[in-house]
Amino acid sequence: MSDPLLYVRGLAVFHGTVQAVEDAGFAIGTGEVVALIGANGAGKSSLLNALMGLSRRSQGEIRLAGESLAGLAPHRRARLGMGYVPEGRRVFAGMTAEENLLVANREGAAARAGRLAEMYRLFPRLGERRQALAWQLSGGEQQMLAIARALMSRPRLLLVDEPMLGLAPALAETVAAALRDIAAAGAAVLLAEQNARAALATCDRALLMRLGSIIGEGTRHEIEGDERLARVMMGG
């Protein structure tokens, strides 16, 4: 891969005296969907938090489009083109779906309206439910809203933590299709997922994570036939 959008080398993350991520290294190119697959507790969320600058104790090299992110706060990383959808959606429950989206974009009125229309094309169901309060949305609709909200700032790289968690198969496929569309439109997507089947059906490449370490990498077809996949999904 030449000139990756995201380049990571020697990434380590600590929670107190416990090392959650050890010597992680990988690269992601523009237009790719890459899945980080591992059981609960493998270190996936810790890795995403470190990329976004949310981990208090992390070390290693992280570059976005060739620019070092060392020492940058999360809001500065966001301005450089990183979007983040945390596990659990975390939408603003007392605001409408549309208000949740508009609060995430600081452009002028015309640009905001245009971006809003793009999100409703990506997630038609949100357009139908735009005036509903976020707490009134189903789990799948809230997940769509969380992703769309992160996209309102036009990120070059979207980090998504457990996007399929708790979703019915049809809704999970809607979210997966949207992630593929996001990459096809020119962004890159890194999704952390413990549902290996859903992740492999969505991604171009996958990273296998176990006990804080990335132990395998390959195309989705290579990973499907990798004996390490079963060990990863069994966790510790």
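So, here's what we can say about the structure. (Residues numbered from 1 in each chain as written. Predicted model: local features only at pLDDT ≥ 70, side-chain atom pairs only at ≥ 80, totals over all residues. Heavy atoms only, no water.)

Digging into helix H7 (residues 169–184)
For H7, with 16 residues, the first-to-last C-alpha span of 22 Å sits near the 22 Å given by 1.5 Å per residue. Residues of H7 that are buried: Ala172, Val175, Ala176, Ala178, Leu179, Ile182 and Ala183. All buried residues of H7 lie within an arc of 160° about the axis, which places them on one face of the element. Opposite the packed face of H7, turned more than 90 degrees from it, sit the exposed residues Ala170 and Ala184. Residues of H7 that are buried make contact with strand S3 (33–37), helix H4 (109–122), helix H6 (139–151), strand S7 (157–161), strand S8 (188–193) and helix H8 (196–202). (Helix = DSSP H or I, 4+ residues; strand = E, 2+ residues; numbered from the N terminus. Expected span 1.5 Å × (residues − 1). Buried < 20%, exposed > 50% of the residue type's maximum accessible area, 1.4 Å probe, protein only. Arc of directions from axis to C-beta. Contact = heavy atoms within 4.5 Å.)

Observations regarding the packing of H6 against H7
Where H6 contacts H7, the axes come no closer than 9 Å and their chain directions differ by 15°. Between H6 and H7, the angle is such that the two are roughly parallel. As H6 runs across H7, the sense of the crossing is right-handed. Residues Gly140, Gln143, Met144, Ile147 and Leu151 of H6 pack against Leu171, Thr174, Val175, Leu179 and Ile182 of H7. Residue composition of the contact of H6 with H7, grouped by class: seven nonpolar, three polar and no charged. (Axes fitted to C-alpha atoms, helices over the stretch in contact; angles between N-to-C directions. Parallel < 35°, antiparallel > 145°, perpendicular 65-115°, else oblique. Left-handed = near helix turned anticlockwise from the far one by under 90°. Nonpolar A, V, L, I, M, F, W, Y, C, P; charged D, E, K, R; others polar.)

Considering the side chain of Asn105
With respect to the element layout, Asn105 can be found in the loop between helix H3 (97–102) and H4. Of the polar contacts made by the side chain of Asn105, one reaches the backbone oxygen of Met152; its length is 2.6 Å. (Polar contact = N/O pair within 3.5 Å; in protein donor to acceptor, adjacent residues only side chain to side chain.)

Regarding H4
Its 14 residues give H4 an end-to-end C-alpha distance of 20 Å, which sits within 8% of 20 Å, the value for a rise of 1.5 Å per residue. For H4, the set of buried residues is Arg115, Leu116, Met119 and Tyr120. The arc enclosing the buried residues of H4, seen along the axis, measures out at 145°, which places them on a common side. Summarising the geometry of H4, the exposed residues directed more than 90 degrees from the buried face are Ala110 and Arg121. Where H4 is buried, its residues meet H3, helix H5 (124–128) and H6.

Observations regarding the sheet that holds strand S6 (residues 82–85)
Whenever strands of a sheet pair, they do so through backbone hydrogen bonds, lying parallel or antiparallel. The mixed open sheet is built from six strands, whose spatial order is S6-S7-S8-S3-S9-S10. Every interior strand has two partners, whereas the edge strands, S6 and strand S10 (213–219), have only one. Between one strand axis and the next, the sheet turns through 15° on average, direction left out of account. Relative to strand S9 (residues 205–210), S3 is paired through four bridges, and the arrangement is parallel. Within S9, the residue paired with Leu36 across the bridge is Leu207. Contacting S3, S6, S7, S8, S9 and S10, helix H1 (residues 44–52) runs over the sheet at an angle of about 150° to S7. (Pairing = 2+ DSSP bridges.)

Here's the deal with the pairing of S3
Looking along a regular strand, one sees the side chains alternate between the two faces of the sheet. Burial runs high along S3: five of the five residues are buried. By the alternation rule, side chains of S3 split into Val33, Ala35 and Ile37 and Val34 and Leu36, which are all buried.

A few points about the nonpolar core
If you look at the biggest cluster of nonpolar residues, it comprises 47 residues, and the most contacted ones within it are Ile37, Ile147 and Leu158. Once residues lying within four places of it in the same chain are set aside, the contact partners of Ile37 are Lys44, Glu193, Ala196, Ala199, Leu200, Ala206, Leu207, Leu208, Met209, Leu229, Val232 and Met233. Residues Phe26, Leu48, Met82 and Leu157 belong to the second largest nonpolar core, which totals 31 residues. (Core = buried A, V, L, I, M, F, W, Y, C linked by side-chain atoms within 4.5 Å.)

Topic: the environment of Ala104
If you trace the backbone, Ala104 turns up in the loop between H3 and H4. Each C-alpha atom of the pair Ala104 and Ser153 lies 6.5 Å from the other, and the pair is 49 residues apart in sequence. Setting aside residues up to four positions removed in sequence, Ala104 forms contacts with Arg149, Met152 and Ser153.

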